[in-house]
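Given next are the chains, with one letter for each unit.
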Amino acid sequence: MSATKRLAEMRVLVTGGTGLVGKAIEAVVAEENNPNETWTFASSKDADLTDFESTKKLFEKCKPTHVIHLAAMVGGLFNNMKHNLDFYRNNMLINDNVLHNCKEFKVEKCVSCLSTCIFPDKTSYPIDETMIHQGPPHSSNYGYAYAKRMIDVQNRAYNEQYGCHFTSVIPTNIYGPYDNFNMDDGHVIPGLIHKAYLAKKNGTPLSVWGSGKPLRQFIFSKDLAKLFVWVLREYKEIDPIILSVGEEDEVSIKDVVEAIAKAADFKGEIKFDTSKADGQFKKTAANLKLRKYLPDFKFTPMEQGVTEAVKWFFDNYETARK
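What comes next is a walk through the structure. None of the values given here were measured: they were computed from a predicted structure.

Points about the overall build of the protein chain
- Scanning the protein chain from terminus to terminus reveals eleven helices and twelve strands.
- Against the globule reference of 20 Å for 322 residues, the protein chain gives a C-alpha radius of gyration of 19 Å, in line with a compact fold.
- Across the 322 residues that make up the protein chain, the buried fraction comes to 52%.
- Counting only carbon and sulfur atoms, one obtains 50% of the accessible surface of the protein chain, whose full area is about 14,900 Å².
- Positive and negative side-chain charges in the protein chain, numbering 41 and 41 respectively, have mean positions lying 2 Å apart.

What follows is the structure in C-alpha cells.
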C-alpha cells in the first residue's frame, strides 16, 4: 500500500482526547491541517471505555484506521496510594476493550500511552525500554503501573497471534495547558501552579508537599504531541519508545517550584512540608532510542513551557479542571 493511499484512508480516533495530551495533539494536527487525515477526539462523554459494548459503539461510529489510546483512570501520588485496586481494575478494562476493538475493527495501528511509573522501583539508572518487566513497580501506585505494563504484553501478544501493529510510548512527566490542576489528586506541576495562583491571590505562603529534592524529567505537552504524531505515522516497532527530554534536562521539584513562582510573579514565602511523602527520589529515563530516530528534535525549555502553562491556567482559572 502506498503512503498516499494509506494517508488518504487515515481516520484517527484519539481516546481520552480532551485531556492534556489530546488537546495538544489536536492543536498540532490543526496547525498541519493535513487533508488526508480525519481526527476524532473522544472523551468519557462519548463512551464508557470500561464497558465493551460502549467501546464497540464508539468504534462503529468512528470507523478508525488508526488509534491513539490516551484514556486512563489517572491520579496523583496520594490518590494512587488510596485506590490501587480501582486504578488496576478500571485501567485493565479500558485497555482490554480498546485493544480488542482495534483488533476486531482491523485498525492498522494503535499507539498507547504508558508512563515511567511502570518501571521497576529497584533498578539502575537511566532506565530504558528493555527494563519494564525486570521487577515490581513502586508500591505507591502498583495498581496503575501493572495495568499499564500489561499494554506492552498485550501489544506483543496481538502482534504474534493476529499480526496487529499495536505499539506504545512512555512519556516522562507531562505538563501544559488543559491539565488537571487539582491540588490533591493532580500531578506535580499543575498542582503547584494552582497553589501558586491561590497563594498569590490570598497573600499566603506557597506550601509544597515534600522536601523539593526529588528529580524529574518534564516534557511539555505540545512537544509530546508532535512526537506522538510522529510515532503514529513513522515508528515501525512493537516495542515501546520513551518520549522524553534527555538526562541532562532532569530538574528537582525545588527548581520547578522556583520556575512556577517566577512565571506567576509570586513574591511570597515558599514552604516545603517535609511531613508529606516525596515518592520515588528519581526515575531518570534514557531517550537514546528516540534520539536515534530523531537526533535533531528540539524540546521546549522548561522555563518557557512552565510560563505557558501558568499563563493558560491564570487566563482560564474559572473553566480549568481543578
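Description of the pattern of salt bridges
- On inspection of all chains with the given rule, the structure shows eleven salt bridges.
- Measuring nitrogen to oxygen at the nearest pair gives 2.3 Å for the salt bridge that ties Asp 265 to Lys 267.
- Overall, the relative accessible area of 42% leaves Asp 265 in the partly exposed class.
- Within this structure, Glu 32, Glu 37 and Arg 233 form a network of salt bridges that share partners.

Focus: a nonpolar patch on the surface
- Taken together, the side chains of Tyr 88, Tyr 142 and Tyr 146 define a hydrophobic patch exposed on the protein surface, amounting to about 280 Å² of accessible area.
- Looking at the secondary structure, you find Tyr 88 in helix 5 (residues 84-104).
- Exposure remark for Tyr 88: the relative accessible area of 34% places this residue in the partly exposed category.

Thoughts on the packing of aromatic side chains
- Scanning the model with the defined rule gives 18 aromatic pairs in all.
- Between Tyr 158 and Phe 166, the ring centres sit 5.3 Å apart and the planes meet at 55°, which makes this aromatic pair tilted.
- Among the residues examined, Phe 166 registers a relative accessible area of 0% and is labelled buried.
- Through a chain of ring-to-ring contacts, the aromatic side chains of Tyr 178, Phe 181, Tyr 197, Trp 312, Phe 313, Phe 314 and Tyr 317 assemble into a single cluster.
- Over the aromatic face of Trp 209 sits the side chain of Lys 276, whose NZ or CZ is 5.2 Å from the ring centroid.
- Above the plane of the ring of Tyr 317 lies Lys 322, whose end atom (NZ or CZ) is 4.5 Å from the centre.

Focus on the nonpolar core
- Ile 25, Trp 39 and Phe 228 are the most contacted members of the largest nonpolar core, which totals 32 residues.
- Elements represented by at least two residues in this core include exactly strand 1 (10-15), helix 2 (20-32), strand 2 (37-41), strand 4 (109-113), helix 8 (221-234) and strand 10 (241-243).
- With eight residues, helix 8 is the single largest residue contributor to this core.
- With near-sequence residues (within four places) excluded, Trp 39 lies in contact with Val 12, Val 14, Ile 25, Val 29, Ile 68, Val 229 and Leu 232.
- Of all hydrophobic cores here, the second largest spans 29 residues; its members include Ile 193, Leu 206, Val 208 and Ala 259.

Some points on the sheet that holds strand 3 (residues 66-69)
- Ordered by their spatial adjacency, six strands build an open sheet running 2-1-3-4-5-10, and the pairing between neighbours is parallel. Looking along the sheet, the strands with just one partner apiece sit at the ends: strand 2 and strand 10. Each strand axis lies, on average, 20° off the axis of its neighbour in the sheet, ignoring direction.
- Looking at chain direction, strand 3 and strand 4 are connected through four bridges and run parallel. Opposite Val 67, over in strand 4, you have Cys 110 as the bridge partner.

Some thoughts on the side chain of His 194
- Within the secondary structure, His 194 sits in helix 7 (residues 188-202).
- Look past the residues within four positions of His 194 in its chain and what remains in contact with it is Phe 181, Met 183, Phe 313, Tyr 317 and Lys 322.

Cut-offs used in this document
- Residues numbered from 1 in each chain as written.
- Predicted model: local features only at pLDDT ≥ 70, side-chain atom pairs only at ≥ 80, totals over all residues.
- Heavy atoms only, no water.
- Helix = DSSP H or I, 4+ residues; strand = E, 2+ residues; numbered from the N terminus.
- Rg over C-alpha atoms; globule rule 2.2 N^0.38 Å.
- Buried < 20%, exposed > 50% of the residue type's maximum accessible area, 1.4 Å probe, protein only.
- Areas by Shrake-Rupley, 256 points an atom, 1.4 Å probe, with all protein chains shown as cover.
- Lys, Arg positive; Asp, Glu negative; His and termini not counted.
- Charge placed at Lys NZ, Arg CZ, Asp CG, Glu CD.
- Salt bridge = Lys/Arg side-chain N within 4 Å of Asp/Glu carboxyl O.
- Patch = residues over 30% accessible without salt bridge, like charges linked within 9 Å, V, L, I, M, F, W, Y side chains within 5 Å.
- Phe/Tyr/Trp six-rings, centres within 6.5 Å; stacked < 30°, edge-to-face > 60°.
- Lys NZ or Arg CZ within 6 Å of the ring centre and 35° of its normal.
- Core = buried A, V, L, I, M, F, W, Y, C linked by side-chain atoms within 4.5 Å.
- Contact = heavy atoms within 4.5 Å.
- Pairing = 2+ DSSP bridges.
- Axes fitted to C-alpha atoms, helices over the stretch in contact; angles between N-to-C directions.

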